[in-house]
Amino acid sequence: MLSHHERRELERIQDWFEHDDPRLARELGQAGASAAVGRRSRLLRYGADALAVVIVLLGVVTLNFGLIFFGAVCLAGAACLHLTRGDDGVPRHRRLE
């Protein structure tokens, strides 16, 4: 928790940024990625999941162990995409209150 003095100094620095370089302050004040980027990211993650499952099922049906292995690698990649997705809705910066 910030002390009263620290909070006042941070507000003074923030006001200075807004006065000195409003474009930079606006860029820093934007809340995370846009909705379209989040939607594309989610679509990519779920598309990778579906592709990996289809490849594994195709490998199981045809008894092709190469496809099963490749599908497992795709599943691992999809899991990495889910783990590294970031927090889409969390703002990077917010005004001190």
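Our structure is the block above this text.
Residues numbered from 1 in each chain as written. Predicted model: local features only at pLDDT ≥ 70, side-chain atom pairs only at ≥ 80, totals over all residues. Heavy atoms only, no water.

## Side note on the overall build of the chain
Counting its regular elements, the chain contains 4 helices and 0 strands. Starting at the N terminus, the α and β elements of the chain follow one another as α-α-α-α. Counting the 97 residues in the chain, one finds 12% classified as buried. Across the chain, contacts joining residues at least 24 apart in sequence account for 60% of those joining residues at least 6 apart. If you sum the accessible surface of the chain, you get close to 7,700 Å²; carbon and sulfur atoms cover 65% of it. (Helix = DSSP H or I, 4+ residues; strand = E, 2+ residues; numbered from the N terminus. Buried < 20%, exposed > 50% of the residue type's maximum accessible area, 1.4 Å probe, protein only. Contact = heavy atoms within 4.5 Å. Areas by Shrake-Rupley, 256 points an atom, 1.4 Å probe, with all protein chains shown as cover.)

## Description of a nonpolar patch on the surface
Side chains of L2, L10 and I13 sit close together on the surface and give an oily, nonpolar patch of about 230 Å² of accessible area. Within the secondary structure, L2 is located in the segment before α1 (4-20). (Patch = residues over 30% accessible without salt bridge, like charges linked within 9 Å, V, L, I, M, F, W, Y side chains within 5 Å. Salt bridge = Lys/Arg side-chain N within 4 Å of Asp/Glu carboxyl O.)

## A closer look at the environment of F69
Summarising the element assignment, F69 is placed in helix α4 (residues 65-83). In this structure F69 comes out as exposed when scored by relative accessible area, which is 59%. As a C-alpha pair, F69 and V56 span 13 residues in sequence and 7.7 Å in three-dimensional space.

## Describing the pattern of salt bridges
Counted under the stated rule, the structure contains 1 salt bridge. As a salt-bridge pair, R12 and E9 come within 2.8 Å of each other at their nearest N and O atoms. In this pair, R12 and E9 both sit in helix α1, 3 residues apart, roughly one turn of the helix. Taking relative accessible area as the criterion, E9 reaches 27% and is therefore assigned partly exposed.

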